[in-house]
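One letter stands for each residue in the lines below.
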Amino acid sequence: MTLHLNAEIKFDSKVIADVAEALEPHAADMFRNRQGRWMAIVEFSHVERTEPGPEEDKFPSVKVRVAGIEVAADEFTDERLRQEQRDMYRRRTSAGTLDAVDAA
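K.L.:
Lay out the overall build of the protein chain in plain terms, naming residues and giving numbers.
P.N.:
The secondary structure content of the protein chain amounts to 4 helices and 3 strands. Going residue by residue from the N terminus, the α and β elements of the protein chain occur as β-α-α-β-β-α-α. Put simply, the protein chain has 104 residues, and 17% of those count as buried. In the protein chain, once contacts between residues fewer than 6 apart in sequence are set aside, the share between residues at least 24 apart is 61%. A total of about 9000 Å² of accessible surface is found on the protein chain, and carbon and sulfur atoms cover 52% of it.

Right, dumping it as structure tokens:
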């Protein structure tokens, strides 16, 4: 059984050196292309957990930081990552459907 907690996800804006190095080859393209989208494999790390007191009307929150990233550098890799994203989405949303049999 999975426990679902109404928690807010927050992103830490600190960019660690390894992440900056991986993004650097794509920076100029990202600057030029205002409507751009880039596929990437991303690893998050836990940074901070905030649990409001019993009298506070707030959701608990967790802050994560990008710990690792690799950006697709060509159309072939971009399409492979997009297909993997579609497959992961299907597996995540297929519980209780016929697709759940394929995802198992």
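There's more to say after this.
K.L.:
A description of the sheet that holds strand E1 (residues 8–11) should follow, citing residues and the corresponding values.
P.N.:
Here we have 3 strands laid out as an open sheet, ordered E1-E3-E2, and mixed in their pairing. Two strands lie at the open edges of the sheet, namely E1 and strand E2 (40–50), each paired on one side alone. Direction aside, neighbouring strands of the sheet carry axes that sit 35 degrees apart on average. In the sheet, E1 pairs with strand E3 (residues 61–71) via 4 bridges, with the strands oriented parallel. Among the inter-strand pairings, glutamate 8 is bridged to a residue of E3, identified as serine 61.

K.L.:
Give me the pattern of salt bridges: which residues, what numbers.
P.N.:
It is possible for side chains of opposite charge to pair when their charged atoms get near one another. The final tally for this structure, using the stated rule, is 6 salt bridges. Across the pair glutamate 56 and lysine 58 runs a salt bridge whose closest N-O atoms are separated by 3.9 Å. A residue is classified by how much of its surface remains accessible, and glutamate 56, at 42% relative accessible area, is partly exposed. The class for lysine 58 is exposed, based on a relative accessible area of 58%. One salt bridge in this structure joins glutamate 84 and arginine 91, with 3.3 Å as the shortest N-O distance. Judged by relative accessible area, arginine 91 falls into the partly exposed class, the value being 39%.

K.L.:
Which residues make up the pairing of E3, and what values go with them?
P.N.:
Where E2 meets E3, 10 bridges bridge the pair, whose relative direction is antiparallel. Note on E3: the bridge partner recorded for valine 42 is isoleucine 69.

K.L.:
With reference to specific residues and values, describe the packing of aromatic side chains.
P.N.:
Tallied over the entire structure, the rule returns 1 aromatic pair. Ring centres of phenylalanine 11 and phenylalanine 44 lie 5.7 Å apart, and the angle between their planes is 55 degrees; on these two criteria the pair is classed as tilted. Highlighted residues: phenylalanine 11 in strand E1 and phenylalanine 44 in strand E2, separated in sequence by 33 residues. Judged by relative accessible area, which is 45%, phenylalanine 44 ranks as partly exposed.

K.L.:
Describe the side chain of arginine 65, with residues and values.
P.N.:
Inspection of the secondary structure puts arginine 65 in strand E3. For arginine 65, the side chain forms a polar contact with the side chain of aspartate 12, separated by 2.5 Å. Here arginine 65 is in contact with Asp12, Lys14, Ile16, Glu43, Phe44, Ser45 and Val47, once residues within four sequence places are set aside.

What counts, and at which threshold
- Residues numbered from 1 in each chain as written.
- Predicted model: local features only at pLDDT ≥ 70, side-chain atom pairs only at ≥ 80, totals over all residues.
- Heavy atoms only, no water.
- Helix = DSSP H or I, 4+ residues; strand = E, 2+ residues; numbered from the N terminus.
- Buried < 20%, exposed > 50% of the residue type's maximum accessible area, 1.4 Å probe, protein only.
- Contact = heavy atoms within 4.5 Å.
- Areas by Shrake-Rupley, 256 points an atom, 1.4 Å probe, with all protein chains shown as cover.
- Pairing = 2+ DSSP bridges.
- Axes fitted to C-alpha atoms, helices over the stretch in contact; angles between N-to-C directions.
- Salt bridge = Lys/Arg side-chain N within 4 Å of Asp/Glu carboxyl O.
- Phe/Tyr/Trp six-rings, centres within 6.5 Å; stacked < 30°, edge-to-face > 60°.
- Polar contact = N/O pair within 3.5 Å; in protein donor to acceptor, adjacent residues only side chain to side chain.

Interpretation note: all reported values are geometric properties and have no functional meaning in isolation.
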